[in-house]
Amino acid sequence: QVQLVESGGGLVQAGGSLRLSCAASGRTFSNYAMGWFRQAPGKEREFVATINWSGGSTYYADSVKGRFTISRDNAKNTVYLQMNSLKVEDTAVYYCAAKRGRGVLTTTRYEYDSWGQGTQVTVSS
C-alpha cells in the first residue's frame, strides 16, 4: 500500500482559501487514482474530489464544484486540493485517499485502498 500524509489545513475566514497537500510514498504514485474526502463532527465521511492517475480526469462533489480544484504532480508524488471561496460548512477533517489502478474514477470511499491521517480545516464566519 501507499503511505499518505496530508498537510495544509488550518483556520481561515469564510471566503478565504487554503491549499491542502498529500504526499505519497511506498509505491508507484502514478499507478493510483487519488481522492479527497472530508468528515465533519457527527457526520459520515463524504466524497470531495478525485483525480485519475495522469491528472487528465477529475470529478467533484456538487457542494464544492467551481470552488475546489484537485491536481497532482506525479514527479513529486503529491496531490493537492485548492480550496477557494470557503464556507463555514466546509469545516471538517480532510483526508486524502489512494485507489490502485488506472481505471474509472470512483466517489465510493470503500473502494480506496489507503488513507492519510487527516488534516483539520476550520472556516470561521
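No experiment lies behind these values; they were computed from the predicted model shown. (Residues numbered from 1 in each chain as written. Predicted model: local features only at pLDDT ≥ 70, side-chain atom pairs only at ≥ 80, totals over all residues. Heavy atoms only, no water.)

Caption draft 1: Focus on the overall build of the protein. Helix and strand counts for the protein come out as zero helices and 11 strands. Of the regular secondary structure in the protein, the N- to C-terminal order runs β-β-β-β-β-β-β-β-β-β-β. In terms of overall dimensions, the protein is globule-like: its C-alpha atoms have a radius of gyration of 13 Å, near the 14 Å expected for 125 residues. Counting only C-alpha atoms and orienting by the principal axes, one finds that the protein spans roughly 40 × 25 × 25 Å. A total of 125 residues make up the protein; the buried ones form 45% of that total. Partitioning the contacts of the protein with sequence separation of at least 6, the portion at a separation of at least 24 is 59%. Across the protein, 14 positive and 9 negative side-chain charges occur, with their mean positions spaced 5 Å apart. (Helix = DSSP H or I, 4+ residues; strand = E, 2+ residues; numbered from the N terminus. Rg over C-alpha atoms; globule rule 2.2 N^0.38 Å. Buried < 20%, exposed > 50% of the residue type's maximum accessible area, 1.4 Å probe, protein only. Contact = heavy atoms within 4.5 Å. Lys, Arg positive; Asp, Glu negative; His and termini not counted. Charge placed at Lys NZ, Arg CZ, Asp CG, Glu CD.)

Caption draft 2: Inspection of the environment of Asp-90 at higher detail. Along the polypeptide, Asp-90 turns up in the loop between β8 (78-83) and β9 (92-100). Overall, Asp-90 belongs to the buried group, its relative accessible area being 1%. Each C-alpha atom of the pair Asp-90 and Val-121 lies 7.6 Å from the other, and the pair is 31 residues apart in sequence. In this view, Asp-90 contacts Arg-38, Arg-67, Phe-68, Ser-85, Val-121 and Val-123; residues no more than four positions away in its chain are not counted.

Caption draft 3: Quick look at the nonpolar core. Counting 34 residues, the largest nonpolar core has Met-34, Trp-36, Leu-81, Met-83 and Tyr-94 as the members making the most contacts within it. At the level of elements, β3 (18-25), β4 (32-39), β5 (46-51), β7 (68-73), β8, β9 and β11 (119-124) are the ones that each hand at least two residues to this core. The biggest single contributor to this core is β9, with five residues. Excluding residues that lie within four positions of it along the chain, Met-34 makes contacts with Leu-4, Cys-22, Phe-29, Ala-49, Thr-50, Ile-51, Ile-70, Arg-72, Val-79, Ala-97, Ala-98 and Tyr-112. (Core = buried A, V, L, I, M, F, W, Y, C linked by side-chain atoms within 4.5 Å.)

Caption draft 4: Molecular detail of unusual backbone geometry. Non-glycine residue Asn-77 carries a positive phi angle of around 55°. Phi is positive for Ser-85, which is not a glycine, with a value near 50°.

Caption draft 5: Region of interest: the pattern of salt bridges. Enumeration according to the criterion identifies five salt bridges in this entry. Put simply, Lys-65 and Asp-62 hold a salt bridge, and the shortest N to O gap is 3.1 Å. Since its relative accessible area comes to 46%, Lys-65 is described here as partly exposed. As a salt-bridge pair, Asp-90 and Arg-67 come within 2.7 Å of each other at their nearest N and O atoms. (Salt bridge = Lys/Arg side-chain N within 4 Å of Asp/Glu carboxyl O.)

Caption draft 6: Main features of the sheet that holds β3. Spatially, β1-β3-β8-β7 is the arrangement adopted by the four strands of the open sheet, whose pairing is antiparallel. Whereas interior strands pair on both sides, the edge strands pair on one side only; in this sheet they are β1 (3-7) and β7. Neighbour to neighbour, the strand axes of the sheet diverge by 15° on average, direction disregarded. The pairing of β1 with β3 spans five bridges and is classified as antiparallel. Bridged to Val-5 within β3 is Ala-23. (Pairing = 2+ DSSP bridges. Axes fitted to C-alpha atoms, helices over the stretch in contact; angles between N-to-C directions.)

Caption draft 7: Seen up close, the side chain of Arg-38. Its place among the elements puts Arg-38 in strand β4. For Arg-38, a relative accessible area of 6% puts it in the buried group. Separated by 3.5 Å, the side chains of Arg-38 and Ser-63 make a polar contact. (Polar contact = N/O pair within 3.5 Å; in protein donor to acceptor, adjacent residues only side chain to side chain.)

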